[in-house]
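This is what each chain is made of:
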Amino acid sequence: MLMTLIKLRLRQMLSSLSSRGKRSQKGIGEAGMIILFFFAGISFLFLFGTMAFAMGIGFIPANLEWMYFGIMSIMMFMLCFIGTIFMAKQQMFEAKDNQTLLSMPIKPRDILLSRIISIGATNYFLALLIGLPFGIVYIILEGFSFAGAVFFILGLILIPLLALSLSMLFGWILAVVSGRMKYKNAVNLIISSAFLMAYFYFCFSWQNRLEGLVERGAEVADTLSKYLPPVYHFGKAAAEGNVLSFLIFAAFCVIPFIVAVIIISKNFIKIITTERGNTKVEYKGGEMKASSEFKALASIELKRLTSSPSYMLNGGTGLLFILMAAFFFLLRKGQMEEALAEFGSIGKYIGPTMIVGMLYMCSMNIISAGTISMEGKTLWQLKSLPIDPKSVLLSKLYPHIVVSLPIVVLACILLQFGIDDMSILGRILLILIPIAATFFNAVLGVRINLSHPKFDWINEAQAIKQGASPMLTMVLGMAMALISMFMLILNGIFSLLPMDAVLVVILVIYALATIILYRWLMTKGVLKFDRLQNDYS
């Protein structure tokens, strides 16, 4: 039975990356999905590979190879922990099929282990995104000894186990604590956002400390060996092939995992069967007022978004990046000016560079890409209501636009203070183009989700970030940003038009693309929505 549950979990994870049933023969197909995920994987490998190379040329000549692997292990652990802590909370302790499985002749131990293995598979995928480029870069720059290579590979197996053990324990704590809180969704959102921002701050701020780490190598080694021994000993094992260090590191990874499994397995049934009461709210409002069907639907969509930390975090990650990038630019303005100075006049490039960066980060905001999928198996309820399908589709755009626009505009205003030499028209376009991109990405997400919905999800995270729709929306949004970047680069090389004129062209392109997609939604999209129940019920 355990193998059956594991196969079922893994099959669900794989099927979430594609369409099912009749849809598997339509749309982008399996080959298209392979290309998309290959592109996404290469992007992440390139990102971490660039970081690995910068670290390698700093640490290896200074005989600090252990620090290279130590920082890699921290990045890997943090990514696995942050990536699965809320997955553990939802899939292990709050899964909708827990009660159903317990009512069947299935051992609770098998249910728990199948969930642990499925979450562990995600951890190993995340670990590979970091471990593979770091290993390749080290081979190019230095080369492994035989023992070092073996310990490095074993480390890629053990580090996710340590992260998984903490993810399970923290997921359990969050499930228990948040269940007793009045504003548990807000608390979960704040915690998850803080974790994510802390991780990316760590990843992108270490470069400023690289020189200091090299100069204080002995001091850092002493500190890590005292306070973070797994990090220090993994670095020593991979860099020097030190057997004793590897055994110490392995103990720090395996023992917590075994303890976590034992603790949770003994309390698993109690955890998932405990009924936690909800706060009773007494209605204190006055006379109820009727609103238009669009306002009613839009209110439901916005409440669905704001009441779900998983929805907000997975769909609105780009918004976090937008705010972080705006503040980071204000703090690191001088460094960016130095980098752009190599291309000529600073004032000529810094504004367009900010706009392209905003376009890329707006493409990572995929709130609308899961709005159709979020209806799940209750789509028939929405379709049975006497409402205009146009109002339904418009309401699906509403949360993306309402939540995104204030953050995008705020970031654009902050960027204005960091740009000294830019025309009035350029400053206006710095606000208008990201706004246009926000509307474009909102309409694009609903349009693609209509063609590639995912209704067979178990938890909301699967509907929002898995499947063809979120990936396609993000990739096509990035493609638009890439086109804009090439237009600006070519114009900078050949000086065909004033830079502001190129920015106006980019604004027009986004506006026209949005109008075309919107007209499709209001015509063919309505017909496609009417047919959804027959195809996917």
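Residues numbered from 1 in each chain as written. Predicted model: local features only at pLDDT ≥ 70, side-chain atom pairs only at ≥ 80, totals over all residues. Heavy atoms only, no water.

## Observations concerning helix 18 (residues 389-416)
Here comes step 1: Under the 1.5 Å per step criterion, the end-to-end length of helix 18 is 41 Å for 28 residues, consistent within 8% with the ideal 40 Å.
Here comes step 2: Taking the largest bend as the criterion, helix 18 deviates by roughly 30°, centred on Ser-404, and proline Pro-406 comes between one and four positions later. (Helix = DSSP H or I, 4+ residues; strand = E, 2+ residues; numbered from the N terminus. Expected span 1.5 Å × (residues − 1). Bend = angle between axes of the 7 residues up to and from the residue.)

## Observations concerning the environment of Asp-530
Here comes step 1: Note on placement: Asp-530 falls in helix 22 (residues 499-536).
Here comes step 2: Exposure remark for Asp-530: the relative accessible area of 38% places this residue in the partly exposed category.
Here comes step 3: A sequence separation of 141 residues divides Asp-530 from Pro-389, and the C-alpha atoms of the two residues are 7.7 Å apart. (Buried < 20%, exposed > 50% of the residue type's maximum accessible area, 1.4 Å probe, protein only.)

## Considerations on unusual backbone geometry
Here comes step 1: With a phi angle near 60°, Asn-63 is a residue other than glycine that sits in the positive phi range.
Here comes step 2: Looking at the element boundaries, Asn-63 is found in the loop between helix 2 (29-59) and helix 3 (65-93).
Here comes step 3: Here the phi dihedral of Ser-495 falls at roughly 50°; this positive angle occurs in a residue that is not glycine.

## Let's talk about the pattern of salt bridges
Here comes step 1: The final tally for this structure, using the stated rule, is 5 salt bridges.
Here comes step 2: The partner of Glu-240 in a salt bridge is Lys-236, with the nearest N and O atoms 3.0 Å apart. Residue Glu-240 and its partner Lys-236 are both found in helix 10 (residues 229-240); the two are separated by 4 residues, about one turn of the helix.
Here comes step 3: What makes Glu-240 partly exposed here is its relative accessible area of 46%.
Here comes step 4: Taking relative accessible area as the criterion, Lys-236 reaches 17% and is therefore assigned buried.
Here comes step 5: Within the structure, one salt-bridge network assembled from shared partners comprises Glu-301, Arg-304, Glu-375 and Lys-396. (Salt bridge = Lys/Arg side-chain N within 4 Å of Asp/Glu carboxyl O.)

## Regarding the confidence of the model for the chain
Here comes step 1: Within the chain, residue pLDDT values average 79, and 75% of them lie at 70 or more.
Here comes step 2: In this model residues 19-29 is a low-confidence stretch, pLDDT under 50, and it forms 15 contacts with partners more than four residues away in sequence or in other chains. (pLDDT = per-residue confidence, 0-100. Contact = heavy atoms within 4.5 Å.)

## Topic: the packing of aromatic side chains
Here comes step 1: Enumeration according to the criterion identifies 17 aromatic pairs in this entry.
Here comes step 2: Aromatic side chains Phe-246 and Phe-249 sit 6.2 Å apart centroid to centroid with 50° between the ring planes, which places their arrangement in the tilted category. Of the two residues, Phe-246 and Phe-249 both sit in helix 11 (residues 243-273), 3 residues apart, roughly one turn of that helix.
Here comes step 3: Given a relative accessible area of 2%, Phe-249 falls into the buried group.
Here comes step 4: One aromatic cluster is present, formed by Tyr-68, Phe-69, Phe-134, Tyr-138, Phe-144, Phe-151, Phe-152, Phe-234, Phe-246 and Phe-249 through successive ring pairs. (Phe/Tyr/Trp six-rings, centres within 6.5 Å; stacked < 30°, edge-to-face > 60°.)

## Observations concerning the side chain of Ser-373
Here comes step 1: With respect to the helices, strands and loops of the structure, Ser-373 is situated in the loop between helix 16 (346-363) and helix 17 (379-384).
Here comes step 2: A distance of 2.9 Å separates a polar atom in the side chain of Ser-373 from the backbone nitrogen of Lys-454.
Here comes step 3: If we ignore the near neighbours within four places in the chain, the residues touching Ser-373 are Asn-449, Pro-453, Lys-454, Phe-455, Trp-457 and Ala-463. (Polar contact = N/O pair within 3.5 Å; in protein donor to acceptor, adjacent residues only side chain to side chain.)

## Describing the packing of helix 18 against helix 19 (residues 424-451)
Here comes step 1: Running from amino to carboxyl end, helix 18 crosses helix 19 at an angle of 155°, the nearest separation of the two axes being 9 Å. By the angle between their directions, the pair helix 18 and helix 19 is classed as roughly antiparallel. In this structure, helix 18 crosses over helix 19, and the sense of that crossing is right-handed. Contact residues: helix 18 offers Leu-393, Lys-396, Leu-397, His-400, Ile-401, Ser-404, Leu-405, Val-408, Val-409, Cys-412, Leu-415 and Gln-416, while helix 19 offers Arg-427, Leu-430, Ile-431, Pro-434, Ile-435, Thr-438, Phe-439, Asn-441, Ala-442, Val-443, Val-446 and Leu-450.
Here comes step 2: The residue inventory of the contact of helix 18 with helix 19, partitioned by class, reads 17 nonpolar, 5 polar and 2 charged. (Axes fitted to C-alpha atoms, helices over the stretch in contact; angles between N-to-C directions. Parallel < 35°, antiparallel > 145°, perpendicular 65-115°, else oblique. Left-handed = near helix turned anticlockwise from the far one by under 90°. Nonpolar A, V, L, I, M, F, W, Y, C, P; charged D, E, K, R; others polar.)

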